[in-house]
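So the chains spell out like this:
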Amino acid sequence: MLIAIDGPAASGKGTLARRLATHYGLRHLDTGLSFRAVGAALLAAGVALDDEEAAIAVAETVDLEDLDRDRLNAHGIGEAASRVATMPALRAALVARQRAFAQGGGGDGAVLDGRDIGTVVLPDAVAKLFVTADPATRARRRAAEIRQRGGTACDTDILADLVRRDRRDSDRAVAPLKPADDAYLLDTTGMDIETAFSAAVEIVERAKAGRM
Ligand code: DC
């Protein structure tokens, strides 16, 4: 059972993917973290973010089972991830590993979340969700998350960052952020997490029953 969750930055797709994975007893991969791991490694090594060879070398060795969410989720790393994610050969290297993850674990299935899961990584997923929320809501959620971890965040700066990142992710030539033709759109603006989760489970159940 493969479930594909896509959507823009801070749409709530990660939280929904984790909750769905727990609910259905499936493994979960936040593919954004794999791009973040590559971006963070290049930053740490002082290597240019458009060095495709160096990026692929990281992609081939990074442990997808052990991505450090707390470290990699830092807001600044998101920008580096979005930049490395425009390189086609890097994407191909990561997609191969993401698919291997999805097929692993005894083949019971998995929940993957990202930008191109329904369109490229798992085109045959049984259920595809495209999770959105309006940009101001997403910026508020991201800023609150940063403050909760003890950091400081300005909603307006975060909004500008998210809009810039969404534009790069949507406009890139390879695997841009866009809903698959057979994805179900879930707009979480104005929804709390429990309401969004119930809506997501209902979508998956309908998709499983072939009633989409
Ligand atoms: O989901 P996130 O914010 O952690 O993702 C960080 C960046 O990684 C995002 O701006 C674009 C890139 N990304 C991608 O291109 N494809 C994916 N499947 C997941 C993330």
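Everything discussed here concerns the structure shown above.
Residues numbered from 1 in each chain as written. Predicted model: local features only at pLDDT ≥ 70, side-chain atom pairs only at ≥ 80, totals over all residues. Heavy atoms only, no water.

### A word on the packing of aromatic side chains
So, point 1. This structure, assessed with the given rule, holds 0 aromatic pairs.
So, point 2. The ring of F197 carries R19 above its face, with NZ or CZ at 4.2 Å from the centroid.
So, point 3. Against the face of F101 rests R27, its NZ or CZ located 4.0 Å from the ring centre. (Phe/Tyr/Trp six-rings, centres within 6.5 Å; stacked < 30°, edge-to-face > 60°. Lys NZ or Arg CZ within 6 Å of the ring centre and 35° of its normal.)

### Some details on the site of the ligand
So, point 1. Taken together, the neighbourhood of the ligand is formed by 15 residues, with R36, R91, R115, D169 and R172 sitting nearest.
So, point 2. Contact distances for the ligand include 2.8 Å between an oxygen atom and a side-chain N or O atom of R115.
So, point 3. Between the ligand and the protein, one listed contact pairs an oxygen atom with a side-chain N or O atom of D169 at 2.7 Å.
So, point 4. Burial of the ligand by the protein chains amounts to 97% of its free accessible area of 450 Å². (Near = heavy atom within 4 Å. Polar contact = N/O pair within 3.5 Å; in protein donor to acceptor, adjacent residues only side chain to side chain. Areas by Shrake-Rupley, 256 points an atom, 1.4 Å probe, with all protein chains shown as cover.)

### What to know about the packing of helix α8 (residues 135–148) against helix α9 (residues 155–171)
So, point 1. Their axes nearest at 8 Å, the elements α8 and α9 cross at an angle of 120°. The orientation of α8 with respect to α9, classified from their angle, is oblique. Viewed along their axes, α8 and α9 form a crossing whose handedness is right-handed. Contacts between α8 and α9 pair P135, A136, R138, A139, R140, R142, A143, I146 and R147 from the former with D155, I158, L159, L162, V163, R165 and D166 from the latter.
So, point 2. Class assignment for the residues of the contact of α8 with α9 results in 9 nonpolar, no polar and 7 charged. (Axes fitted to C-alpha atoms, helices over the stretch in contact; angles between N-to-C directions. Helix = DSSP H or I, 4+ residues; strand = E, 2+ residues; numbered from the N terminus. Parallel < 35°, antiparallel > 145°, perpendicular 65-115°, else oblique. Left-handed = near helix turned anticlockwise from the far one by under 90°. Contact = heavy atoms within 4.5 Å. Nonpolar A, V, L, I, M, F, W, Y, C, P; charged D, E, K, R; others polar.)

### What about the sheet that holds strand β1 (residues 2–6)?
So, point 1. Taken together, the 5 strands give an open sheet; going across it, the order is β2-β3-β1-β4-β5, and neighbouring strands pair in parallel fashion. Whereas interior strands pair on both sides, the edge strands pair on one side only; in this sheet they are β2 (27–30) and β5 (184–187). With strand direction ignored, the average angle separating the axes of adjacent strands in the sheet is 20°.
So, point 2. When strand β4 (residues 127–132) meets β5, the two strands line up parallel, connected through 4 bridges. Within β5, the position partnered with L129 by the bridge is Y184.
So, point 3. Across the sheet, helix α1 (residues 13–24) touches β1, β2, β3 (110–114), β4 and β5, and the angle it forms with β3 is around 180°.
So, point 4. Strands β1, β2 and β3 of the sheet are contacted by helix α6 (residues 88–103), whose axis makes an angle of about 155° with β3. (Pairing = 2+ DSSP bridges.)

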